[in-house]
Each structure stands twice: as structure tokens, then as C-alpha cells.
Amino acid sequence: MESVKTYYCTNCGAVMKFDVSSQNLKCPNCGNEIEIKNDESKVVEHQLTKKAINSIKAEEKTSTSMECEGCGALVEVDATSTATVCPYCGSNYVLAKKQMDALVPDGVVPFRIDKVKIGEIYHDWIKSRWLAPNTLKSLYQTDKIQGIYMPFWTFDADVDASYQAMGGEDYEVTYEDSDGKTHTEIKTRWHPTSGHVHNFFDDVLIKASDKLKSNLLNSMVYNTQNISSFSPDYMSGYCSEIYTVDLADAHREAINKMENEMRSLCESDVLRRYDRVRGLSMNSSYQNETYKHVLLPVYSTAYYYKDKEYHVLINGQSGVIVGEYPKSAFKLAAIVVAILVIMALIWYFMNS
């Protein structure tokens, strides 16, 4: 049986939850609060060693059972969850044993927006999807929005890159055609060039779970500069996930991100001296690489329309929303018709 931790109010005995306004544990009945201690010294950047890359791997876990202290129901807990809610009575639990068995996070970005405000954000978003079918705008259900702490890896690195490329210098050529008309043409002289750029990458975020849709989760932007030290108290009232992406796989993804950024910086360096750039080759070296394991807040929901599932994610720190929605075939056809009419009118007036 999975060991669990609940937070009971010392005044009235109700279950306390994390409160986004005060950033403390708060009793929903009597308002009693318990401060969550934030120890910045515990937010540690770990050296990225071969040992860490080879040893920090997601284990294959099976689901576990938990007896709800509120109603006595036997609840099946997902293999990757460290906080859950009883589906029968709504009691909130933090699964302490799973948190101890898993890699303890180095930090957490607490939820900064409550579920009431999130419901308003979702409401405004779904109403503003003017390409969506009109019936969809009356089908959304804000009560299905779930707050989840999702695991991420962060990576820091000092990166130096040496490059070689061809820099293009544009010049104008004026000539006359066979009818005696003068024309100007832009041509380019290409010159070999080389250089060096440096950049420090701070907290390159890589998702550590495949549970939510990657294309949506990857678009989430977080401020991790004032991250709080980890405490299970933040999980009370929310769900939480264990990492399922190995450190090695996450590191490879982070390197790809940094390499793309370094290439862009090299191209920009060439364009400081030339008008164009082509044929760039680059050699990068990495120093002072560090990593940490953090939990970031996401509100998630899904809905069905004509037997197809659509997902919506909302950033629990900033309130930025990204999501999927069906497009109305009628509205798309109307747009195409409108464009064709406009093009026909333009053609008519240009030839009149």
C-alpha cells in the first residue's frame, strides 16, 4: 500500500491546500495558513558528469493502490504520479513514498494563478476561436481543468564556437536592355570569412515527461530565475508527475537547442560585416555544464468534438494558453470565397 501524506488544519481538521495568493498552505474552511519555507541554498546546479548521464534514468514503474483516508475507497494511482485526488470524495494526497523513491526535484515554480482565473482564461480563449464551429463554444467544461506539476530538466553551459563561412557583399549593376531601357540588378561578391562567438546558456528547459502533448508543452515559457526550493507542500491540491525522460536523452535535446542558437549567433556575426551568409560550418566546445531537475506548473484539459480529442494547456505561472481546436469547414470555405472575390475585384479594376 502506498504511503500518503495529507495536510490537516490544526484549527478545524479540514484538508489544507496550496494557496496561490499567499503561496502558503491554507485551510479552505477557516482560512488558517501555514508558511511554506523557501531555502534558496537547496536549489542546486549539479555538475553534468558522465556518471550522472549514465545513472539518472527513468525506471519502469507499475501502478500502485492507495486507500483513501476520506472515504475508504481503494484508489489506483498512476505509475508516474506523486500527488493525486480521490475520484470519489475529492480528498487530496501527496504520495510521500514515491517522492522519496524518485529523484527529488531541485526546485519548483509554484502555481501563481488559481483555478477560477484559469477558467476565465479558458473561457475567453475558446470564445475567441472564430474559426471554430459555433457549437463548440457551448461545449467547453472548465471543471475538467487539472493543475499538474510537470517535471523538466534545465541545463546551463558556457559555449564557444569557431566558424568558417562565405560572406556576401551586395553591389548594384546598371545596364540597358535591347529596347534601350535602363535596369538595375543586385549582384553579390562572396568572400571567405571566419570568426568566434561565445554564449552562456542559462536554464535551457527540456521536458522530462511524455504524458502531455509535446508540441504544446514545448511551447511553454517559464521564468526560472526565482525558483523556490522543493517542498511537497506545494503539491497539496494539485497533481504531480515523476520524470520519465532520462537525463542523457534530455541532454542531447538541450545540445540540439544550443547548437541551433550558436549557429544563429555565428550567422549574425557574419552579417555584421556582410549583407549575406552561406556555407557556414561551425565547431562548438562546451564548458561548465550543469543541470537540475525542477517541477513547473501546468493546467491541462481535453475535450471531445465529433469523436476526436483536443488538448489545451495553460501556463500555471503566466496564464499563457496554447491549445488545439477543430476548424469549421463552412467558415474556412467562406474565407476562401472571400479571398477569391477580392482577387477578382483587384484583377477587374487593374484591367479596367
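Since the model is a prediction, treat every value here as computed from it, not as a measurement.

### Points about the packing of aromatic side chains
Thought 1: All told, the structure shown has 10 aromatic pairs when counted by the stated rule.
Thought 2: Where Y149 meets Y238, the ring centres are 5.9 Å apart and the plane angle is 70 degrees; that geometry is what we call edge-to-face. Residue Y149 is found in strand 10 (residues 146-176), and its partner Y238 is found in the loop between helix 4 (214-217) and strand 12 (239-241); the two are separated by 89 residues along the sequence. The pair formed by Y149 and Y238 is uniform in burial state, with each residue classed as buried.
Thought 3: Considering the side-chain rings of W153 and Y243, the 5.2 Å spacing of their centres and the 70 degrees angle between planes classify their relative orientation as edge-to-face. Remark: Y243 occurs in the loop between strand 12 and helix 5 (247-271) and W153 occurs in strand 10; sequence separation between them is 90 residues.

### Description of the pairing of strand 14 (residues 308-315)
Thought 1: Bridging between strand 13 (residues 276-305) and strand 14 involves 8 bridges; their strand directions are antiparallel. Following the sheet pairing, Y299 is matched in strand 14 by I314.
Thought 2: Two successive antiparallel strands, strand 13 and strand 14, enclose a turn made up of 2 residues, where K306 displays a positive phi of approximately 55 degrees.
Thought 3: Pairing analysis gives 3 bridges linking strand 14 to strand 15 (residues 321-323), with the strands arranged antiparallel. Counterpart to L313 in the pairing with strand 15 is V322.
Thought 4: Hairpin connection from strand 14 to strand 15: 5 residues lie between these consecutive antiparallel strands, with G319 at a positive phi of about 85 degrees.

### Considerations on helix 5
Thought 1: Taking 1.5 Å per residue as the helical rise, helix 5 with its 25 residues ought to reach 36 Å, and the 36 Å between its terminal C-alpha atoms agrees with that figure.
Thought 2: Listing the buried residues of helix 5 in full gives L247, A248, A250, H251, A254, I255, M258, M262, C266, D269 and V270.
Thought 3: Along its buried surface, helix 5 packs onto helix 1 (50-55), strand 10, strand 11 (182-207) and strand 13.

### Structural notes on a nonpolar patch on the surface
Thought 1: There is a patch of nonpolar side chains on the surface, built from V337, V341, L345, W347, Y348 and F349 and spanning about 690 Å² of accessible area.
Thought 2: Relative to the helices and strands, Y348 is located in helix 6 (residues 329-350).

### A short note on the sheet that holds strand 1 (residues 17-19)
Thought 1: One open sheet accounts for 3 strands, arranged 1-2-3; its pairing is antiparallel. Because the sheet does not close on itself, it has two edges, and the strands there are strand 1 and strand 3 (33-34).
Thought 2: Across 3 bridges, strand 1 lies against strand 2 (residues 24-26) in antiparallel orientation. Each bridged residue has a counterpart across the sheet, and for K17 the counterpart in strand 2 is K26.

### Things to note about the side chain of T224
Thought 1: Take T224: it is sitting in the loop between helix 4 and strand 12.
Thought 2: Polar side-chain contacts of T224 include one of 2.5 Å to the side chain of D203.
Thought 3: Beyond its immediate sequence surroundings of up to four residues, T224 is in contact with D203, L205 and L296.

### So, the pairing of strand 11
Consecutive residues of a regular strand have side chains that alternate between opposite faces of the sheet.
Thought 1: Sheet topology note: the strand 10/strand 11 ladder contains 24 bridges and is antiparallel. What sits directly across from M166, in strand 11, is P192.
Thought 2: Connecting strand 10 to the next strand, strand 11, in antiparallel fashion are 5 residues, including G180 with a positive phi near 85 degrees.

### Regarding unusual backbone geometry
What you tend to see is this: most non-glycine residues have negative phi, and most peptide bonds are trans.
Thought 1: Non-glycine residue Q23 carries a positive phi angle of around 60 degrees.
Thought 2: By the secondary structure assignment, Q23 is in the loop between strand 1 and strand 2.
Thought 3: For Q23, a relative accessible area of 14% corresponds to the buried category.
Thought 4: One non-glycine residue, D203, adopts positive backbone phi at about 55 degrees.
Thought 5: On the secondary structure map, D203 appears in strand 11.

What counts, and at which threshold
Residues numbered from 1 in each chain as written. Predicted model: local features only at pLDDT ≥ 70, side-chain atom pairs only at ≥ 80, totals over all residues. Heavy atoms only, no water. Phe/Tyr/Trp six-rings, centres within 6.5 Å; stacked < 30°, edge-to-face > 60°. Helix = DSSP H or I, 4+ residues; strand = E, 2+ residues; numbered from the N terminus. Buried < 20%, exposed > 50% of the residue type's maximum accessible area, 1.4 Å probe, protein only. Pairing = 2+ DSSP bridges. Expected span 1.5 Å × (residues − 1). Contact = heavy atoms within 4.5 Å. Patch = residues over 30% accessible without salt bridge, like charges linked within 9 Å, V, L, I, M, F, W, Y side chains within 5 Å. Areas by Shrake-Rupley, 256 points an atom, 1.4 Å probe, with all protein chains shown as cover. Salt bridge = Lys/Arg side-chain N within 4 Å of Asp/Glu carboxyl O. Polar contact = N/O pair within 3.5 Å; in protein donor to acceptor, adjacent residues only side chain to side chain.

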